[in-house]
Protein chains: 4
Amino acid sequence: MLRSRLLQIAPALALGLSLQGYAAPTVQVLDSNLTQAEVVAAQKGWCDALLKISAAYASGGFSKAKATAEAVIDQAYAYQYGPVAFKPTLATGSQTFRPTRAGALAYFVGGNPAFPNDKGFALKPWRSCEVINQVIQLNGGYATTMGNVRFVDSSGKTTTVDKTWSFMKEPDGSIRIVLHHSSLPFEG
Amino acid sequence: MLRSRLLQIAPALALGLSLQGYAAPTVQVLDSNLTQAEVVAAQKGWCDALLKISAAYASGGFSKAKATAEAVIDQAYAYQYGPVAFKPTLATGSQTFRPTRAGALAYFVGGNPAFPNDKGFALKPWRSCEVINQVIQLNGGYATTMGNVRFVDSSGKTTTVDKTWSFMKEPDGSIRIVLHHSSLPFEG
Amino acid sequence: MLRSRLLQIAPALALGLSLQGYAAPTVQVLDSNLTQAEVVAAQKGWCDALLKISAAYASGGFSKAKATAEAVIDQAYAYQYGPVAFKPTLATGSQTFRPTRAGALAYFVGGNPAFPNDKGFALKPWRSCEVINQVIQLNGGYATTMGNVRFVDSSGKTTTVDKTWSFMKEPDGSIRIVLHHSSLPFEG
Amino acid sequence: MLRSRLLQIAPALALGLSLQGYAAPTVQVLDSNLTQAEVVAAQKGWCDALLKISAAYASGGFSKAKATAEAVIDQAYAYQYGPVAFKPTLATGSQTFRPTRAGALAYFVGGNPAFPNDKGFALKPWRSCEVINQVIQLNGGYATTMGNVRFVDSSGKTTTVDKTWSFMKEPDGSIRIVLHHSSLPFEG
């Protein structure tokens, strides 16, 4: 539930104003549902954040990229509430899944000896990031999307991944990723 | 989740149509949330159903009223899924709560020796039924309303009750009452 | 979702430990559901809080009772997230519903000129408070109860009310009232 | 909500039996939450169904496999409620995603000219199917799992995939897949 979407509905909505002993009622509405527009905005926010980490690395090196990635993860992922179901595109072996914040950070910027195969996906010179949805499911404050994300880097090379996200709206109005499964397309 | 609200979103929504190897995507959206408009319509449906039972009694007597009430209960209340939290306005003593369909039917039309105090609330000559909301809470496929309902009978007498309803959207798209607490206003 | 219920499930649960290239997996479970035991505990918490306000009034007068009630409301009700659907037993007329924290506080301790009919329900010399459930509905992090609450005061006089509560589990693990409809039994 | 989990709680739970005018109350509990045990059982059900289709093909050829797969899909997937977010392991190109029942059936048994690259994943001589969970998230009647599934065929060859499922409990008590993202491990 969400303060920010609390709407004061004017009496125009409420008939029966002459009800004896009652002031003209004002309906207070609390809407905690995720809308399609919010979901699409959250996806765009993820893309924008990736480009931001990449730009931070170009302008300020690893330390700036890492600080940016930490802020992004804390805002975009729900690690503060528990394990996130996160399977990054290029993670391998026993570190395929990243249910902890440390694992997510390592994937995005590398530099963590505990995750030796992580090169830092977000450090690449990404120039654009685009979401192409195939399915969107809205279930109250929980929403899932499945489709592709297409990245283009500074050389013009395109990388396309198959991506599933689930988002959850928290009581403070923030929308966070609780599930993220990304994979390279199968080459049949 | 709900077939009836499945929307086929045209490619206009989906950018990146030139994605190599991909047909122009069509987003399939599944929206299982209850909207405020659906909740208000369900409330009006309850009022209309009450007037319908009352009219059935006037035109066809008890048997017609009972058949109408049975259809209304099966459509408007969720008894087929389990106990409904139902506290009717005028129920008393050990029969204050009506978690079963039989108890709801007895309240609306009476005539059940197992519920000897039930006179049949819906048999009264109701002429209008109006909902005045004070609070609406939307939580995915679950929504709650609190406010007043004002009934007027054939003599012009008005009865006002304090009423709380919770509605749930079922997978077939139907919207059913899972909670109904009605009470006469406190006379301080 | 809830840090406090994050369980680390030992490998015993997870078969296939010899899976090549995979460390013995540890399942991380995030359970955000409300259980019946949590709901019953939250109901008892409400009763205990009422007795606490009453005792604070007896020992420290209005100011102590008010401070206690404020702490109780902030912990037990979800006003910080939006309007609570609250219909107190003895509230009347245009102030029957209390969707704001100020209205709840006035009901419990009185002393607010904006709510002139409020005598302070929690200031009475309550000695016991007992919940008798008739229906409990568990829906994920949302639960509803309907039944009676029986209060006994210092003179031994018993007051019984019909009461509906809905509780919601917040991401920090707190369980808060989002709906509270209380009414005196109908005297047929 | 769910008839099958409706529990009649004996009066032992409910104190205050001497409440005047009230029969000994019986609490009716409606629990619509998915438990971890139900989720694990649903995963096992998916594995068992895959082996069943494979065995049907071995014993009865394509037509028996197809009939078996249709029954499996109708029971295990939520296509009757709308688009399922389904990304099978080996699907490619413009047919990577299978939001329709026809697309799921083609993936499992092939033989559909509209899906020319589908060989019929379930027709392979599978001998075992094992789920190794890494993350389980329980959110009311909705639950997500992420981890690996390991298949062994008649030659003893093992195939391991990264797999995410989301399950939803329907009002009739059935548990169905609404999200299924499967991918081959990244070979770094």
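See the structure printed just above.
In this structure, Trp46(B), Tyr77(B), Phe108(B), Trp46(C), Tyr77(C) and Phe108(C) are the most contacted members of the largest nonpolar core, which totals 88 residues. Ignoring anything within four residues of it in the chain, the contact list for Tyr77(C) reads Trp46(C), Val72(C), Val84(C), Phe86(C), Phe108(C), Arg176(C), Ile177(C) and His180(C). Counting 87 residues, the second largest nonpolar core, distinct from the first, contains Trp46(A), Tyr81(A), Phe167(A) and Ala122(D).

So, about the interface of chain A and chain D. Between chain A and chain D, the contact holds 34 residues from the first and 34 residues from the second. Of the roughly 2500 Å² buried where chain A meets chain D, counting both sides, 70% is carbon and sulfur surface. When residues of chain A are sorted by the area they lose upon contact with chain D, Phe97(A), Met146(A) and Phe186(A) head the list and together hold 27% of the total. The interface formed by chain A and chain D includes 0 salt bridges. Connecting chain A to chain D are 10 residue pairs in polar contact (both at pLDDT 80 or more). Tallied by class, residues from the side of chain A that touches chain D come to 16 nonpolar, 15 polar and 3 charged.

Across all of its chains, the model carries 26 salt bridges over all chains by this definition. Here Asp118(C) makes a salt bridge to Arg98(C), at a shortest N to O gap of 2.7 Å. Taken together, the residues span a long stretch of sequence, with Asp118(C) in the loop between α2 (101–109) and β4 (126–139) and Arg98(C) in the loop between β3 (85–87) and α2 at a distance of 20 residues. The same class applies to Asp118(C) and to Arg98(C), which are both buried. Beyond isolated ion pairs, a larger network of salt bridges with shared partners links Glu70(A), Asp74(A) and Arg101(A).

What follows is about the packing of aromatic side chains. A full pass over the atoms with the stated rule returns 56 aromatic pairs over all chains. A ring pair is formed by Trp46(C) and Phe151(C), whose centres lie 6.2 Å apart and whose planes are at 55°; its orientation type is tilted. Here Trp46(C) is found in helix α1 (residues 36–76), whereas its partner Phe151(C) is found in strand β5 (residues 142–153), with 105 residues between them in sequence. For Trp46(C), a relative accessible area of 5% translates into the label buried. Their ring planes at 25° and their centres at 6.0 Å tell us that Phe86(C) and Phe108(C) sit as a pair that is stacked. Taken together, the positions of Phe86(C) in strand β3 and Phe108(C) in helix α2 put the pair 22 residues apart, joining distant regions of the chain. As far as burial versus exposure is concerned, Phe86(C) and Phe108(C) are alike and both buried. Through pairs of rings, three or more aromatic residues link up here, namely Trp46(A), Tyr77(A), Tyr79(A), Phe86(A), Tyr107(A), Phe108(A), Phe121(A), Trp126(A), Phe151(A), Trp165(A) and Phe167(A).

Further remarks concern the relation of the copies chain A and chain D. Each copy of the sequence occupies a distinct position, and chain A is placed on chain D by a rotation of 180° and an axial shift of 0.0 Å, giving an RMSD of 0.0 Å. Both copies of the chain, as the preceding transformation shows, are related through a two-fold rotation axis. For chain A, the residue whose C-alpha comes nearest the rotation axis is Ser183(A), separated from it by 3.1 Å. The share of interface residues of chain A whose copies in chain D are also at the interface is 100%, consistent with both copies meeting through the same surface.

Let us look at the pairing of strand β7 (residues 175–183) of chain D. All names here are of chain D. Along β7, 8 of the 9 residues are buried, which leaves the element largely enclosed by surrounding structure. Summarising the sheet, strand β3 (residues 85–87) and β7 pair through 3 bridges and their orientation is parallel. Paired with Lys-87 across the two strands is His-181, which belongs to β7. Pairing analysis gives 8 bridges linking strand β6 (residues 158–169) to β7, with the strands arranged antiparallel. In the strand pairing of β7, Ser-166 is matched with Leu-179. Linkage of β6 to β7, two consecutive antiparallel strands, is achieved through a turn of 5 residues, within which Gly-173 is found at a positive phi near 95°.

So, how was this worked out
- Residue indices begin from 1 for each chain and proceed along its sequence in written order.
- Chains and ligands are labelled sequentially in the order written, the chains with letters from A and the ligands with numbers from 1.
- Owing to the predicted nature of the model, reporting of local features is limited to residues with pLDDT of at least 70; listing and counting of side-chain atom pairs is limited to 80 or more, with chain, interface and lining totals taken over all residues.
- Water and hydrogen atoms play no part in the side-chain values, which are based on all heavy atoms of the structure.
- By nonpolar core we mean a set of buried residues, namely Ala, Val, Leu, Ile, Met, Phe, Trp, Tyr and Cys, connected to one another through side-chain atoms within 4.5 Å.
- The buried label applies to any residue whose accessible area, calculated with a 1.4 Å probe on protein chains only, is under 20% of its type's maximum; exposed applies above 50%, and partly exposed to all values in between.
- In what follows, a contact means two residues having at least one pair of non-hydrogen atoms within 4.5 Å.
- Buried surface area refers to the total accessible area, computed with a probe of radius 1.4 Å, that the two partners give up upon joining, counted for both partners together.
- By definition here, a salt bridge exists when the distance from a side-chain nitrogen of Lys or Arg to a carboxyl oxygen of Asp or Glu is within 4 Å.
- We define a polar contact as two N or O atoms separated by no more than 3.5 Å, with the added condition that, inside protein, one atom must be a possible hydrogen donor and the other a possible acceptor, whereas residues neighbouring each other in sequence contribute only through side-chain atom pairs.
- Gly falls in the polar group here, along with every residue not listed as nonpolar (Ala, Val, Leu, Ile, Met, Phe, Trp, Tyr, Cys, Pro) or charged (Asp, Glu, Lys, Arg).
- Put simply, DSSP H or I for four residues or longer makes a helix, DSSP E for two residues or longer makes a strand, and each gets a number counted from the N terminus.
- Ring pairs are drawn from Phe, Tyr and Trp, using the six-membered ring of Trp, whenever the two centres fall within 6.5 Å, and their geometry is named by plane angle: stacked under 30 degrees, edge-to-face over 60, tilted for the rest.
- To line up the copies, we fit them by least squares on C-alpha atoms, keeping just the residues with pLDDT of at least 70 in both.
- Only strands that DSSP links by at least two bridges are regarded as paired with each other.

Read these as spatial facts, not as claims about activity.
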